[in-house]
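Each chain, letter by letter, is given below.
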Amino acid sequence: QVQLVESGGGLVQPGDSLRLSCTCDGRTLGRYGMGWFRQAPGKQREAIAAIRWRTENTYYTESMKGRVTISRDNAKNTMYLQINSLKPEDSAVYYCAADLTWYFGTLRSARYWGQGTQVTVSS
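Here the structure is a predicted model, which is why all the values come from computation and not from measurement.

> I keep staring at the overall build of the protein chain and nothing clicks. Help me out?
Counting its regular elements, the protein chain contains zero helices and 11 strands. Taking 14 Å as the expected radius of gyration for a compact globule of 123 residues, we find that the protein chain reaches 13 Å, a close match to that expectation. Looking at the 123 residues of the protein chain, the share that counts as buried comes to 46%. Sequence separation of 24 or more characterises 56% of the internal contacts of the protein chain that already satisfy a separation of 6 or more. Accessible area of the protein chain: about 6800 Å², with a carbon and sulfur share of 43%. Mean positive and mean negative side-chain charge positions of the protein chain (15 and 10 charges, respectively) differ by 5 Å.

Right, dumping it as structure tokens:
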């Protein structure tokens, strides 16, 4: 059983930065690629970024590239997503995921999901 727990969401103002965290059990580390997705109300789930645990290779989708950084801390069993220059359109539930699904090099989905953390960007 893979357990993923996100934290760090909240209400922020446009232009602020936020760091989301995803804590997982140790057995997940090194076994699965992990990533972040988001879903806004009335919209499809959107992939954001991914990271391989062993090599630290990263992947970013074009939609948020340049404003987000994915990283991990093996000692803390934790993955992070730093989001800068937040905009109101970044408001969504952000999900941590493991055992990723790819389609011709594009991050599509995952097998395991966290419960999500709400990010609201509003003045």
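> What's the story with the sheet that holds strand S8 (residues 78-83) in this structure? I'm lost.
In a beta sheet, neighbouring strands are held together by backbone hydrogen bonds and run either parallel or antiparallel to one another. Read from one edge to the other, the open sheet built from four strands follows the order S1-S3-S8-S7, with strand pairing classed as antiparallel. The strands lining the two open edges of the sheet, one partner per strand, are strand S1 (4-7) and strand S7 (68-73). Averaged over all pairs of adjacent strands, the angle between their axes in this sheet comes to 20 degrees, without regard to strand direction. Judged from the four bridges that link them, S1 and strand S3 (residues 18-24) form a sheet pairing that is antiparallel. Bridge pairing in S3 links Glu6 to Cys22.

> Before we go on, may I ask you to explain unusual backbone geometry in this structure?
Backbone phi values are negative for most residues with the exception of glycine, while trans is the configuration of most peptide bonds. Backbone geometry at Asn77 places phi at a positive 55 degrees, although glycine is not the residue there. Relative to the assigned elements, Asn77 resides in the loop between S7 and S8. Residues other than glycine seldom take positive phi values, yet Phe104 does so here, at roughly 50 degrees. Tracing the backbone shows Phe104 in the loop between strand S9 (92-103) and strand S10 (106-113). Taking relative accessible area as the criterion, Phe104 reaches 78% and is therefore assigned exposed.

Calculation criteria
- Residues numbered from 1 in each chain as written.
- Predicted model: local features only at pLDDT ≥ 70, side-chain atom pairs only at ≥ 80, totals over all residues.
- Heavy atoms only, no water.
- Helix = DSSP H or I, 4+ residues; strand = E, 2+ residues; numbered from the N terminus.
- Rg over C-alpha atoms; globule rule 2.2 N^0.38 Å.
- Buried < 20%, exposed > 50% of the residue type's maximum accessible area, 1.4 Å probe, protein only.
- Contact = heavy atoms within 4.5 Å.
- Areas by Shrake-Rupley, 256 points an atom, 1.4 Å probe, with all protein chains shown as cover.
- Lys, Arg positive; Asp, Glu negative; His and termini not counted.
- Charge placed at Lys NZ, Arg CZ, Asp CG, Glu CD.
- Pairing = 2+ DSSP bridges.
- Axes fitted to C-alpha atoms, helices over the stretch in contact; angles between N-to-C directions.

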